[in-house]
Amino acid sequence: MIKARIIGTGHYLPERVLTNNDLEHLMDTTDEWIRQRTGILQRHIAADNEAASDLAAHASQNAMKSASISAEEIDFVICATLTPDYFMPSSGCLVQHKIGAKRAGACDINAACSGFIYGLQQADALIRAGVHKTILVAGSEIMTSRLDWTKRDTAVLFGDGSGAVVLRADNGDSGVITTYTASDGGGHDILMVPAGGSAQAITPENINELNRGILMNGRELYKRAVYAFGDAVEQALKRANVRVDEIDLFVPHQANKRIIAAACERIGLPEEKIFLNLDQVANTSAASIPIALDQACAQGRIREGSLVLLAAFGAGLTWGSAVIRW
Ligand code: UT7
């Protein structure tokens, strides 16, 4: 049976780092508050001349190198992002061009912080259906481009970065075992960027009144996130027919250490099996899982044969999960 196997991973983080202490000088917040409530210590910030596709191109080149493939071997590029370079064309097309994937189709997926899982599910299905053999899935965000730096409730949470994986059709035991996606648009106003789309178009008259930054009901989102994480993990384990103690590493979307801890307690996953990097990178939305996957591979926490569980939640609301045999 054909499986979609991850044959390479890569990531890229912009050079500039903004620490919690730096934020103390920019707004009414403290390192202690951010640390205790979220687990975040610092975040990377893209340079003025970097767009989402630039970060994704770097991450993708690293993933292609780790997969030992050339760009011409890629059949399709999926870029998961909620901060694309433009409304059109897609950042996927820009990545395709920047890495020289001349034969590839390309598009974006916007499922907010769950975007990488959604992209992975589509790549897995396309490969198993025999439509494509080699697919690049990147998650890339310049979240700071959507932040209102006067709002401490959201400005301290996010960071910029990109991660990518190369999936290839394979007949062996390794590969994506299952994926799960879910949504509840009834919760669309819990986390959103209200203005700038077709619902609230920006005009010269309203440009200073509209909220073009991230609007979030943090407490409500927290509750929903704990539920969504639990559901995502339970569904993935059920569909993959594996027990929680068989999981070697859980790589969750890195939004908040407390949310991850609450979900892991609910499902009975010990701390040493959780991969955390949000202290260093904060919430990079769709980029968070592929960045973490590449770092976990580099640290030897994911090896050939490892059983890896992924789970994410985000705006939409969306959530999802996957179980992968490495
Ligand atoms: O990928 C999905 C992205 N988003 C999330 O996952 C967010 C989910 N929610 C959360 O992670 C948490 O709700 C937050 C970390 C955002 C907030 O933590 P909380 O424990 O729910 O705090 P809160 O919103 O209940 O606020 C507590 C207090 C408030 O002050 P008062 O009303 O008690 O006087 C806030 O004004 O903390 C205040 N506060 C801050 N203080 C210092 C809010 N933001 C800050 C800040 N620095 N940055």
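Computed from a predicted structure; not experimentally measured.

(A) Representation of the packing of helix α7 (residues 218-240) against helix α8 (residues 257-267) within the structure. Between α7 and α8, the least distance of the axes is 9 Å, while the angle of their chain directions is 45°. Classified by the interaxial angle, the pair formed by α7 and α8 is oblique. Every pair of crossing elements has a handedness; the one defined by α7 and α8 is right-handed. Two secondary-structure elements touch here, α7 through Tyr 222, Ala 225, Val 226, Tyr 227, Phe 229, Gly 230, Asp 231, Val 233 and Glu 234 and α8 through Arg 258, Ile 259, Ile 260, Ala 262, Ala 263, Arg 266 and Ile 267. Looking at the contact of α7 with α8, its residues break down into 11 nonpolar, 1 polar and 4 charged.

(B) How the structure looks around the packing of aromatic side chains. Scanning the model with the defined rule gives 3 aromatic pairs in all. Ring centres of Phe 229 and Phe 250 lie 6.2 Å apart, and the angle between their planes is 75°; this geometry places the pair in the edge-to-face category. Of this pair, Phe 229 sits in helix α7 while Phe 250 sits in strand β11 (residues 249-252), placing them 21 residues apart in sequence. Each member of the pair, Phe 229 together with Phe 250, is buried. Ring geometry for Phe 229 versus Phe 313: centroids 5.2 Å apart, planes at 70°, classification edge-to-face. Remark: Phe 313 occurs in strand β12 (residues 307-314) and Phe 229 occurs in helix α7; sequence separation between them is 84 residues. Each member of the pair Phe 229 and Phe 313 is classed as buried. Taken together, the ring pairs connect Phe 229, Phe 250 and Phe 313 into an aromatic cluster.

(C) Expanded view of the site of the ligand. Near the ligand lie 22 residues; those nearest to it are Thr 29, Arg 37, Arg 152, Arg 219 and Asn 256. At 3.1 Å from a nitrogen atom of the ligand is found a main-chain nitrogen or oxygen belonging to Gly 218. Considered on its own, the ligand offers 940 Å² of accessible surface; in the complex 75% of this is hidden by protein. Residue assignment for the shell around the ligand shows that the elements contributing at least two residues are α2 (31-38), α6 (152-155), α7 and α8. If one sorts the elements of the shell around the ligand by residue count, α7 sits on top with 4 residues. Broken down by class, the residue content of the shell around the ligand amounts to 10 nonpolar, 6 polar and 6 charged. When residues of the shell around the ligand are assigned to domains, at least three fall in each of domain 1 (3-172) and domain 2 (177-325).

(D) The arrangement of the nonpolar core in detail. Core analysis: the largest hydrophobic core is formed by 51 residues, its most contacted members being Phe 229, Phe 250, Leu 269, Phe 313 and Trp 319. For this core, the secondary-structure elements that each account for two or more residues are β8 (175-183), α7, α8, β12 and β13 (318-325). In terms of residues, this core owes the most to one element, α7, which gives 10 residues. Built from parts of two domains, this core gets at least three residues from each of domain 1 (3-172) and domain 2 (177-325). If you look at the next biggest cluster of nonpolar residues, it comprises 31 residues, including Ile 109, Ile 127, Val 308 and Ile 324.

(E) Structural detail: the sheet that holds β12. The 4 strands lie next to each other as β8-β13-β12-β11, forming an open sheet whose pairing is mixed. In the strand order of this sheet, the two ends are held by β8 and β11, each with one partner. Here the strands of the sheet are splayed against their neighbours by 10° on average, with no regard to which way each runs. The pairing of β12 with β13 spans 8 bridges and is antiparallel. Residue Gly 314 lies in a different strand from β13, and its bridge partner there is Thr 318. On the sheet, helix α5 (residues 115-128) packs against β8, β12 and β13 and is oriented at approximately 125° with respect to β8. Strand contacts of α7: β8, β11, β12 and β13, with the helix running at about 35° to β13, the strand carrying the most contacts.

What counts, and where the lines are drawn
- Residues numbered from 1 in each chain as written.
- Predicted model: local features only at pLDDT ≥ 70, side-chain atom pairs only at ≥ 80, totals over all residues.
- Heavy atoms only, no water.
- Axes fitted to C-alpha atoms, helices over the stretch in contact; angles between N-to-C directions.
- Helix = DSSP H or I, 4+ residues; strand = E, 2+ residues; numbered from the N terminus.
- Parallel < 35°, antiparallel > 145°, perpendicular 65-115°, else oblique.
- Left-handed = near helix turned anticlockwise from the far one by under 90°.
- Contact = heavy atoms within 4.5 Å.
- Nonpolar A, V, L, I, M, F, W, Y, C, P; charged D, E, K, R; others polar.
- Phe/Tyr/Trp six-rings, centres within 6.5 Å; stacked < 30°, edge-to-face > 60°.
- Buried < 20%, exposed > 50% of the residue type's maximum accessible area, 1.4 Å probe, protein only.
- Near = heavy atom within 4 Å.
- Polar contact = N/O pair within 3.5 Å; in protein donor to acceptor, adjacent residues only side chain to side chain.
- Areas by Shrake-Rupley, 256 points an atom, 1.4 Å probe, with all protein chains shown as cover.
- Domains from an automatic or database assignment.
- Core = buried A, V, L, I, M, F, W, Y, C linked by side-chain atoms within 4.5 Å.
- Pairing = 2+ DSSP bridges.

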